[in-house]
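Here's the letter readout for the chains.
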Amino acid sequence: MKRILRYILIFAIVFLIGLSSFLAGLSNSQSPVQTKKDGLIFYEVFVRSFYDSNGDGIGDINGLAEKLPYIKSLGVNAIWLMPIFESPSYHGYDVTNYYKVNPDYGTNEDFVNFIKKAHKMGIKVIIDMMINHTSSKHPWFIEASSNKNSKYRNYYIWATPNTNLDEPSELGTRQWYKKGDSYYNAIFWSEMPDLNFDNKAVREEMKKIAKFWLEKGVDGFRLDAAKHIYPLSREKDTLVWWEEYAKFCRSIKKDVYLVAEVWDSLQRIAQYAKIFDSCFNFIIAQNIIEGVIYENTQTLQNNLSSIYNLYKNVNPQFVDAPFLTNHDMNRAYTEIGSNSKMKLAAALLLTLPGNPFIYYGEEIGMKGQKPDEYIREPFKWYETWKKGQTNWEMSLYNSGPDVASVEKQEKDKNSLLNFYRDMISFRKKNLPLLKGDFQLIKTSFDILSFARVYNNQKMVVIFNFTGKELSKTINLPSNINITGKTVKGSGKILSLKNGKLSFSIKPYSFIIIN
Ligand SMILES: [Ca+2]
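Please read these numbers as outputs of a predicted model, since none were measured by experiment.

Student: Is there a simple way to think about the environment of P193 in this case?
Tutor: For P193, the position within the fold is in the loop between β7 (182-185) and α7 (200-215). As a C-alpha pair, P193 and L64 span 129 residues in sequence and 31 Å in three-dimensional space. Excluding residues within four positions of it along the chain, P193 makes contact with H133, T134, S135, S136, F141, Y156, Y184, N185 and A186.

Encoded structure:
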């Protein structure tokens, strides 16, 4: 035992030394011009799968506009639309025209009308921005690859005689592909050539695109593949580019919201947290899902405070962007496997700090496993096909009776859908949950407890991660003085005396106390 303790101590010291020198390095850089954009709750939508307004089976912008009352009924106040620009693929991450809405989805005018309607309902709209690469069918690439004298040639990256064509990309993928007698760079896929950000014309073009959509009313961007603008060996250049881009966007729209996809280690994400309003918290997403699956909160207890503290040190205006899963991961319900555990995960997501993101269909327990098409299936509005239901692909995971439609869950007060609505509404009404600071309360690993503090308002949240009813006593930190009144959840306070809180909580449930 002694030896284990010694190892833990050595590990902790090494970690702290590493962390403090890391923070010292960060504090030298200038602080970004940025205001804190918290209090948002996002709904991530794949337009193709959402709602079809014209009967072709493909979800579209007008369908989305028609269903804004549903989105509003969830309580969310912001939407992230997955790619809406013209593209030859079903997903749209390979763009052929950055200035035009995908004709499958409608017109630019439809989109402007949609934004106006959303804004009237108090809902912000951000869109996916994919600027690391274009489609190989983009007119720029067609011209660049067929004419070495084209002004677009240098929009892309071409191998030189010194390039090692066999060297894999940082993703471990092949990255050089032949076109004519030259090789172009494409780290994700041969049909998505990477753009050349050493070319000032590319940088200006990308800013022009941002301006175009911001002036159409868009509230911000979800920045795709943000860490891949340059190879990892040139990460500094990537960061310089994003600083330039963020500054530009803020000059066009002061309160623009920029959230970046940096799927990497905490240390790497922290670099980007200096620049953007938010970065997706891939680490906590995985910790929540695994914690719920294995009914163990150890990793969450180890990570939550250190992650939030790191972000706060790097950028006081930074707002975390937690989520359970997104369009690149197996559906949360498929991973977690039961309604009661899904509610536990959702309740945690909706009581943690930051702007939480909910992936469409998560609120009704839609299922799905990779490949990607099957984690992006048609949203299940009805029990049997009715007008508006999209069917651009066959549902493999959500057509059966074990996934209940919106129509069915609306009528069931205990449904997952109504649970999400209730939790979102509660979050919005309680500033400690919506905007408060976070303080972990150390406990055993079958429960998770933390305080949320906003000015003088305090709330304590306690989760039971197990399938058994638990009765426990925990010690509250001295600064967390609460009345001991349960304001939400399934359980009760048995006593609160001298900072000792005794309670019981139902299986896979929680209590919130003020
Ligand atoms: Ca349609």
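Student: Just to check I follow, could you spell out the nonpolar core for this structure?
Tutor: In globular proteins that are soluble, nonpolar side chains generally tend to be buried together. Among the nonpolar cores identified, the biggest contains 147 residues, and F111 and F221 are the most heavily contacted of them. F111 has contacts with I61, L81, I84, V101, V125, I127, W213 and V218, leaving out every residue within four places of it along the chain. The next biggest cluster of nonpolar side chains, apart from the first, holds 17 residues, and it includes V460, I462, L476 and I480.

Student: Looking at this model, I keep getting lost on the domain arrangement of the protein chain. Mind explaining?
Tutor: Interfaces are often described in size by the accessible area the parts lose on coming together. Taken domain by domain, the protein chain comprises domain 1 (38-132 + 202-429), domain 2 (139-185) and domain 3 (435-513). Using C-alpha coordinates to define each centre, domain 1 is positioned 32 Å away from domain 2. Taken together, the contact between domain 1 and domain 2 spans 11 residues of the former and 5 residues of the latter. Carbon and sulfur atoms make up 63% of the area that domain 1 and domain 2 hide from each other, which totals about 610 Å². The interface formed by domain 1 and domain 2 includes 0 salt bridges. Counting every contact that joins domain 1 to domain 2 gives 3 residue pairs in polar contact (both at pLDDT 80 or more). Broken down by element, the residue count for the side of domain 1 that touches domain 2 peaks at 4 residues, all from α7. Of the residues in the side of domain 1 that touches domain 2, the class split is 7 nonpolar, 2 polar and 2 charged.

Student: Any chance you could explain the coordination of the calcium ion here in plain terms?
Tutor: In an ideal octahedron of six donors the angles at the metal are 90 or 180 degrees, and in an ideal tetrahedron of four donors they are 109.5 degrees. Looking at the calcium ion, the protein donor atoms are D52 (OD), N54 (OD1), D56 (OD), I58 (O) and D60 (OD), and they sit 2.2 to 2.4 Å from it. Read in sequence order, the donor residues coordinating the calcium ion give the pattern D-x1-N-x1-D-x1-I-x1-D. In this structure N54 comes out as exposed when scored by relative accessible area, which is 53%.

Student: Hey, could you run me through helix α5 (residues 108-120) in this one?
Tutor: With 13 residues, α5 should reach 18 Å at 1.5 Å per residue; the first-to-last C-alpha distance of 19 Å fits that figure. Of all the residues in α5, the buried ones are D110, F111, V112, F114, I115 and A118.

Student: I'm lost on the environment of S504 in this one. Help?
Tutor: Looking at the secondary structure, you find S504 in strand β18 (residues 500-505). The class of S504 is buried, set by a relative accessible area of 5%. Along the chain, S504 and I493 lie 11 residues apart, while their C-alpha atoms are 6.6 Å from each other. Ignoring sequence-local partners within four residues, the contact set of S504 consists of E469, L470, S471, G491, K492 and L494.

Student: Looking at this structure, how should I read the packing of helix α10 (residues 282-294) against helix α11 (residues 298-314)?
Tutor: Pairs of packed helices are described in terms of their axes, by the angle between the two and the distance that separates them. Two numbers describe how α10 lies on α11: the axes approach to 10 Å, and their chain directions differ by 160°. Here α10 is positioned roughly antiparallel relative to α11, judged by the angle of their axes. The interaxial crossing formed by α10 with α11 has left-handed handedness. Contact residues: I283, I284, N287 and I288 in α10; T299, L300, N303, L304 and I307 in α11. Classifying every residue of the contact of α10 with α11 gives 6 nonpolar, 3 polar and no charged.

Student: Please clarify how the pattern of salt bridges should be interpreted in this entry.
Tutor: Note that side chains of opposite charge can pair when their charged atoms are close. Taken as a whole and judged by the stated rule, the model has 30 salt bridges. The partner of D277 in a salt bridge is K37, and the shortest N-O contact between them spans 2.6 Å. One end of the pair, D277, is in the loop between α9 (266-273) and β10 (278-279); the other, K37, is in the loop between α1 (2-26) and β1 (42-45), with 240 residues separating them in the sequence. Residue classification places D277 among the buried positions, given a relative accessible area of 1%. Salt bridges sharing partners connect three or more residues here, namely K200, R203, E204, K207 and E244.

What counts, and where the lines are drawn
- Residues numbered from 1 in each chain as written.
- Predicted model: local features only at pLDDT ≥ 70, side-chain atom pairs only at ≥ 80, totals over all residues.
- Heavy atoms only, no water.
- Helix = DSSP H or I, 4+ residues; strand = E, 2+ residues; numbered from the N terminus.
- Contact = heavy atoms within 4.5 Å.
- Core = buried A, V, L, I, M, F, W, Y, C linked by side-chain atoms within 4.5 Å.
- Buried < 20%, exposed > 50% of the residue type's maximum accessible area, 1.4 Å probe, protein only.
- Domains from an automatic or database assignment.
- Buried area = accessible area lost by both parts, 1.4 Å probe.
- Salt bridge = Lys/Arg side-chain N within 4 Å of Asp/Glu carboxyl O.
- Polar contact = N/O pair within 3.5 Å; in protein donor to acceptor, adjacent residues only side chain to side chain.
- Nonpolar A, V, L, I, M, F, W, Y, C, P; charged D, E, K, R; others polar.
- Donors = N, O, S within 2.8 Å, 3.2 Å for Na, K, Ca; no water.
- Expected span 1.5 Å × (residues − 1).
- Axes fitted to C-alpha atoms, helices over the stretch in contact; angles between N-to-C directions.
- Parallel < 35°, antiparallel > 145°, perpendicular 65-115°, else oblique.
- Left-handed = near helix turned anticlockwise from the far one by under 90°.

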